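# Summary of the model geometry
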Amino acid sequence: MGRHHPEESSYTLEDQLRALGNEELLDFWEESQMLDKYFDPSAYQMPPSKHYETAILQELQLRYSMGRI
């Protein structure tokens, strides 16, 4: 299961996503879709899950273009 702890890591979210296997990456995406219910929507211009989703989709596109999926 993937986890992103920005305050505990010097690695960016993108770096951490690159380190995940395909199944772990998809699991992390699924979990990120449940994040929004824990945050106040008025505090964000874009839901937190959207940031994760964008980064995950970019990683999947990169892997697909390199033939890794």
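Turning our attention to the environment of Leu-17. By the element assignment, Leu-17 lies in helix α1 (residues 13–18). The class for Leu-17 is buried, based on a relative accessible area of 1%. C-alpha separation for the pair Leu-17 and Leu-60, spaced 43 residues apart in sequence, amounts to 9.6 Å. Residue contacts for Leu-17: discarding those within four places in its chain leaves Leu-25, Phe-28, Ala-55, Ile-56, Glu-59 and Arg-63.

The grouping of Tyr-38, Phe-39 and Tyr-44 at the surface amounts to a nonpolar patch, some 350 Å² of accessible area in total. Among the structural elements, Phe-39 can be located in the loop between α2 (22–32) and α3 (48–65).

Residues Glu-23, Glu-24, Asp-27 and Glu-30 make up a contiguous surface patch of negative charge. Assignment of secondary structure puts Asp-27 in helix α2. Classification of Asp-27 as partly exposed rests on a relative accessible area of 34%.

Under the criterion given, the structure shown has 3 salt bridges. With a shortest N-O distance of 2.5 Å, Arg-18 and Asp-15 are connected by a salt bridge. A residue pair is termed a helical-turn pair when its members lie 3 or 4 positions apart in one helix, as Arg-18 and Asp-15 do in helix α1 at 3 residues. Accessibility expressed as a relative area gives 45% for Arg-18, which makes it partly exposed. In this structure, Glu-59 engages Arg-63 in a salt bridge whose closest nitrogen and oxygen atoms are separated by 2.8 Å. Taken together, the positions of Glu-59 and Arg-63, both in helix α3 and 4 residues apart, correspond to about one turn of that helix.

As a further point, take the nonpolar core. Of all hydrophobic cores here, the largest spans 9 residues; its members are Leu-13, Leu-17, Leu-20, Leu-25, Phe-28, Tyr-52, Ala-55, Ile-56 and Leu-60. Those residues in contact with Leu-25 that lie beyond four places of it in its chain are Leu-17, Leu-20, Ile-56, Glu-59, Leu-60 and Arg-63.

On to the side chain of Glu-59, then. The exposure class assigned to Glu-59 is buried, which follows from its relative accessible area of 6%. A polar side-chain atom of Glu-59 sits 2.8 Å from a polar atom in the side chain of Arg-63. Beyond its immediate chain neighbours, meaning those up to four positions away, Glu-59 contacts Leu-17, Arg-18 and Leu-25.

What counts, and where the lines are drawn
By convention here, each chain's residues receive numbers from 1 onward along its written sequence. Only residues with pLDDT of at least 70 are given local features in this predicted model, and only at 80 or more are side-chain atom pairs given and counted; all residues enter the totals for whole chains, interfaces and linings. With hydrogens and water set aside, each side-chain value is computed from the structure's full complement of heavy atoms. Helix and strand definitions here come from DSSP, where helices need a minimum of 4 consecutive H or I residues and strands a minimum of 2 consecutive E residues; each element is numbered from the N-terminal end. Only protein chains enter the accessibility calculation, which uses a 1.4 Å probe. A residue is then buried if its area is under 20% of the maximum for its type, exposed if over 50%, and partly exposed in between. Should any heavy atoms of two residues lie within 4.5 Å, those residues are counted as being in contact. Here a patch means residues that are over 30% exposed by relative accessible area and free of salt bridges, tied together within 9 Å if like-charged and within 5 Å if nonpolar (Val, Leu, Ile, Met, Phe, Trp, Tyr). Working definition of accessibility: Shrake-Rupley area with a 1.4 Å probe, residue cover restricted to the visible protein chains. Every case where a carboxyl oxygen of Asp or Glu lies within 4 Å of a side-chain nitrogen of Lys or Arg is listed as a salt bridge. Charge assignment: positive for Lys and Arg, negative for Asp and Glu; neither His nor the chain ends contribute. Taken as the charge location is NZ of Lys, CZ of Arg, CG of Asp or CD of Glu. By nonpolar core is meant a set of buried Ala, Val, Leu, Ile, Met, Phe, Trp, Tyr and Cys residues that side-chain atoms within 4.5 Å join together. The term polar contact refers here to a pair of N or O atoms within 3.5 Å; inside protein, the definition further demands a hydrogen-donor-capable atom paired with an acceptor-capable atom, and it admits residues adjacent in sequence only when both atoms are side-chain atoms.

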